[in-house]
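Summary of structural features
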Amino acid sequence: EAACLAVRNLAYSNAANCRGLGDAGACDAVAAALRAHGEHTGVAEAACGAMANLAANSEEYTRMLGEAGACEALAGALWAHAGHAQVAEAACFAVVALVANSKEVRAKLGKAGGCEAVVGALRANAGRGHEDLDDHACAAMEYFATNHPENIAKLVSAAGSRDALLELVECSAAPEATRRRVGMALAWDAPRDSV
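Residue positions are given per chain, counted from 1 along the sequence in the order it is written. Whole-chain, interface and lining totals are the exception, using all residues; otherwise, since this is a predicted model, local features are given only for residues with pLDDT of at least 70 and side-chain atom pairs are given and counted only at 80 or more. Side-chain calculation: all heavy atoms of the structure are included, whereas hydrogens and water are not.

Now for the overall build of the protein. Only DSSP runs of H or I covering at least 4 residues are called helices, and only runs of E covering at least 2 are called strands; the numbering of each starts at the N terminus. Counting its regular elements, the protein contains 13 helices and 0 strands. In the protein, the succession of α and β elements from N to C terminus is α-α-α-α-α-α-α-α-α-α-α-α-α. A radius of gyration in this sense is built from C-alpha atoms; the matching globule rule multiplies 2.2 Å by the number of residues raised to 0.38. For 195 residues, the compact-globule estimate of 2.2 N^0.38 gives 16 Å, and the C-alpha radius of gyration of the protein, at 16 Å, lies within 12% of that figure. Judged by the C-alpha coordinates and their principal axes, the protein covers about 55 × 35 × 25 Å. Put simply, the protein has 195 residues, and 50% of those count as buried. The long-range fraction of contacts in the protein, counting pairs at least 24 apart against all pairs at least 6 apart in sequence, stands at 76%. Where accessible areas are quoted, they stem from the Shrake-Rupley method and a 1.4 Å probe; at the residue level, only the protein chains shown are allowed to cover. Carbon and sulfur atoms form 51% of the exposed surface of the protein, whose accessible area is close to 8800 Å². Burial here depends on accessible area, computed with a 1.4 Å probe over protein chains only, as a share of the maximum for the residue type. Under 20% is buried, over 50% is exposed, and the range in between is partly exposed. The contact criterion used throughout is that any non-hydrogen atoms of two residues lie within 4.5 Å.

Rendered as structure tokens:
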């Protein structure tokens, strides 16, 4: 836990530290820690924060995290801690950082169950007033859905229907602009009437 916290803090908004951490194998180490100890809330939260900061600073580190098994570990941690708002928030933030930077990682995390896990976390915390969690979960859905019909299908399936997913998003505490962007991303793949 302490090592993941150190990586998270050192990588936060510091490209030079991030480069040093990436060169030293932090991507592999953080992914391994989450795989091995993801059931522990402290490790899961710290590892997700470290992943988010590493990925946010570099497309290369996003790719390295994907190759290190971070996608599978992250989806597993999100499922395991869906009802724990702090861990779910950190995990959804990590999802945003990973899927925003790489189409390949977006597809890999979608295949690993990330779409369903994000919907599950949003549903598990619905109506509990966790604005940051709701914002990160909705942003994750937006990035998952953007130009990716397979992920849209997974998001919709996890919610039961497109309408149920849109209702879940609309009822969240996420800012209106975020909720609107999710709706637009989901509409990208919606059936269109002939004109």
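A few words on helix α2 (residues 15-23). Those residues of α2 that sit buried are C18, L21 and G22. The buried residues of α2 occupy an angular sector of 95° when projected down its axis, which confines them to one face. The opening residue of α2 is N14, an N-cap whose side-chain oxygen sits 3.2 Å from the backbone nitrogen of A16. Positive backbone phi, at 95°, marks G25, one or two positions downstream of α2. The directions considered for the arc are those from the helix axis to the C-beta atoms. Under the rule applied, a polar contact is a pair of N or O atoms within 3.5 Å (in protein, one hydrogen donor and one hydrogen acceptor; residues adjacent in sequence only if both atoms are side-chain atoms).

A word on the nonpolar core. In terms of nonpolar packing, the biggest core is built from 70 residues, with L34, L54, L74, V118, M141 and L155 touching the most fellow members. Considering every element that reaches this core, the biggest residue donor is helix α7 (residues 85-101), with 12 residues. Residues contacting V118, with those up to four places away along its chain left out, are L78, C92, V95, A137, A140, M141 and F144. Remark: nonpolar core denotes a set of buried residues (Ala, Val, Leu, Ile, Met, Phe, Trp, Tyr, Cys) joined through side-chain atoms within 4.5 Å.

You can see E142 is positioned in helix α10 (residues 131-145). Overall, the relative accessible area of 13% leaves E142 in the buried class. Apart from the residues within four sequence positions on either side, E142 is in contact with R181, V182 and A185.

Moving on to the environment of E60. Mapped onto the secondary structure, E60 falls in helix α5 (residues 59-67). With relative accessibility at 43%, the residue E60 sits in the partly exposed group.

For the rest of this paragraph, the subject is the packing of helix α6 (residues 70-80) against helix α9 (residues 114-124). The convention used is that axes are lines fitted to C-alpha atoms, helices contributing only their stretch in contact, and that angles between N-to-C directions extend from 0 to 180 degrees. Look at α6 against α9: their axes get within 9 Å of each other, and the N-to-C directions meet at 25°. Relative to α9, the element α6 is oriented roughly parallel. Crossing of α6 over α9 shows left-handed handedness. Counted together, A75, L78 and W79 of α6 and G114, E116, A117, V118, G120 and A121 of α9 form the full contact between these two elements. Put simply, Ala, Val, Leu, Ile, Met, Phe, Trp, Tyr, Cys and Pro go in the nonpolar bin, Asp, Glu, Lys and Arg in the charged bin, and everything else, Gly too, in the polar bin. Taken together, the residues of the contact of α6 with α9 break down into 6 nonpolar, 2 polar and 1 charged. Each angle receives one of four descriptions, namely roughly parallel if under 35 degrees, roughly antiparallel if over 145, roughly perpendicular if within 65 to 115, and oblique otherwise. In this scheme the handedness of a crossing depends on how the near helix is turned from the far one: anticlockwise by less than a right angle means left-handed, clockwise means right-handed.

These figures capture arrangement, not role.
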